[in-house]
Amino acid sequence: MISKPHMKRFDNRTVILTGGARGMGAGHARGFVAEGANVVIADVLEQEGRALAGELGERAIFSRLDVTCDGDWVATLAAAEDAFGPVSVLVNNAAIGRFGPITETEPAAWRQVIDINLTGMYLGIRAVVPSMRKAGGGAIVNISSTAGMKGQFGIGAYMASKWSVHGMTKAAALELARDNIRVNSIHPGVIRTPGLASPDIAAFAAAHARGLAIPRAAEPEEITRLVLFAASAAASFSTGSEFIDEGGYLLSPVPDSSLRA
């Protein structure tokens, strides 16, 4: 008896992944390719993005994308369709952070965070939906944050962007439902990425993790597994939903052992 070849979750599906050249995005790219997808690594980091596409082989290409630029989105979508066909999955992963209270954040820095973290996602959805309609539907996964679920001190611009992503996800889920396009958001906590190499950020992350129910930073692959789930048919009845992966951050802190005795 000849066994049928094993079908992978994203066989021959076209995925555009923003901010995919390194860190968490690169992990997502590897995860999608391992599950049979054709992946467009879309990023401003050309050297790293091209190197990753070369590593992943014929199922990956790189497209230079500044998510705030309409023209870059047009070019990236054309590259995706020329190489692999209509787009079935968009992962809006590109983002930046800025530390500082609202009153000490310069308008230019505020606008940069909002432009990349929020407007970039809006432009991506707007650009990709016609291609998804040609594909018969698809899934959009917006990477938000626990900062889009709970108040945090000293990151006003970032928090404003991520709460807005949370809301935009729900609006898009309703607007695109009859096109068979699901839209969900992922809300990670602290993740062990190269960004934690900075001493200041590493110290902040360590202090943050100590009070968690799961007292550590997430590994990138833990977030990738959730992204793949939300983008796949396994989540076919989920839209406008929040997928939270944060070690219990939204719970109250676990008390010190002396207080639990």
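Refer to the structure presented above.
Residues numbered from 1 in each chain as written. Predicted model: local features only at pLDDT ≥ 70, side-chain atom pairs only at ≥ 80, totals over all residues. Heavy atoms only, no water.

**Student:** Whenever I open this one, the pairing of strand E6 (residues 181-188) confuses me. Can you help?
**Tutor:** Put simply, side chains in a regular strand alternate between the two faces of the sheet. Taken across its eight residues, E6 has eight buried, putting it largely inside the fold. One ladder, built from six bridges, connects strand E5 (residues 138-143) with E6; its direction is parallel. The residue of E6 that forms the bridge with Ile143 is Ile186. Once you follow E5 into helix H5 (residues 156-176) and on to E6, the crossover reads as right-handed. In the sheet, E6 pairs with strand E7 (residues 242-245) via four bridges, with the strands oriented parallel. Following the sheet pairing, Ile186 is matched in E7 by Phe243. (Buried < 20%, exposed > 50% of the residue type's maximum accessible area, 1.4 Å probe, protein only. Helix = DSSP H or I, 4+ residues; strand = E, 2+ residues; numbered from the N terminus. Pairing = 2+ DSSP bridges. Right-handed = clockwise from strand over helix to strand, strands pointing away.)

**Student:** Just to check I follow, could you spell out the pattern of salt bridges for this structure?
**Tutor:** A side chain with one charge can pair with a side chain of the opposite charge if their charged atoms come near. Inspection of the entire model under this criterion finds ten salt bridges. Glu46 serves as the salt-bridge partner of Arg50, at 3.5 Å between the closest nitrogen and oxygen. A residue pair is termed a helical-turn pair when its members lie 3 or 4 positions apart in one helix, as Arg50 and Glu46 do in helix H2 (residues 46-56) at four residues. By relative accessible area, which is 48% here, Arg50 ends up partly exposed. In this structure Glu46 comes out as partly exposed when scored by relative accessible area, which is 34%. (Salt bridge = Lys/Arg side-chain N within 4 Å of Asp/Glu carboxyl O.)

**Student:** How do you make sense of the packing of helix H1 (residues 23-34) against helix H7 (residues 220-231) when you look at a structure like this?
**Tutor:** Each pair of packed helices can be summarised by the angle the axes make with each other and by the distance between the axes. Across the interface, H1 lies against H7 with an axial gap of 9 Å and an inter-helix angle of 55 degrees. In terms of axis orientation, H1 runs oblique to H7. In this structure, the crossing between H1 and H7 has a hand that is right-handed. Between H1 and H7, the residues in contact are Met24, Gly27, His28, Gly31 and Phe32 and Ile223, Thr224, Val227, Leu228 and Ala231, respectively. (Axes fitted to C-alpha atoms, helices over the stretch in contact; angles between N-to-C directions. Parallel < 35°, antiparallel > 145°, perpendicular 65-115°, else oblique. Left-handed = near helix turned anticlockwise from the far one by under 90°. Contact = heavy atoms within 4.5 Å.)

**Student:** Hey, could you run me through the packing of aromatic side chains in this one?
**Tutor:** Any aromatic ring pair is given by two values, namely how distant the centres are and how the planes are angled relative to each other. Taken as a whole, this structure holds two aromatic pairs when the rule is applied. Each ring, one from Phe10 and one from Phe32, has its centre 5.0 Å from the other, and the planes form 65 degrees; the classification is edge-to-face. Taken together, the residues span a long stretch of sequence, with Phe10 in the segment before strand E1 (14-18) and Phe32 in helix H1 at a distance of 22 residues. For the pair Phe10 and Phe32, one class covers both residues: buried. Pairing Phe229 with Phe243 gives two aromatic rings, centres 5.8 Å apart and planes at 80 degrees, and the pair type is edge-to-face. With Phe229 in helix H7 and Phe243 in strand E7, this pair connects stretches of sequence that are 14 residues apart. Phe229 sits in the partly exposed class, given a relative accessible area of 30%. For Lys150, the ring lying beneath its charged end belongs to Tyr249, and the centroid distance is 4.4 Å. (Phe/Tyr/Trp six-rings, centres within 6.5 Å; stacked < 30°, edge-to-face > 60°. Lys NZ or Arg CZ within 6 Å of the ring centre and 35° of its normal.)

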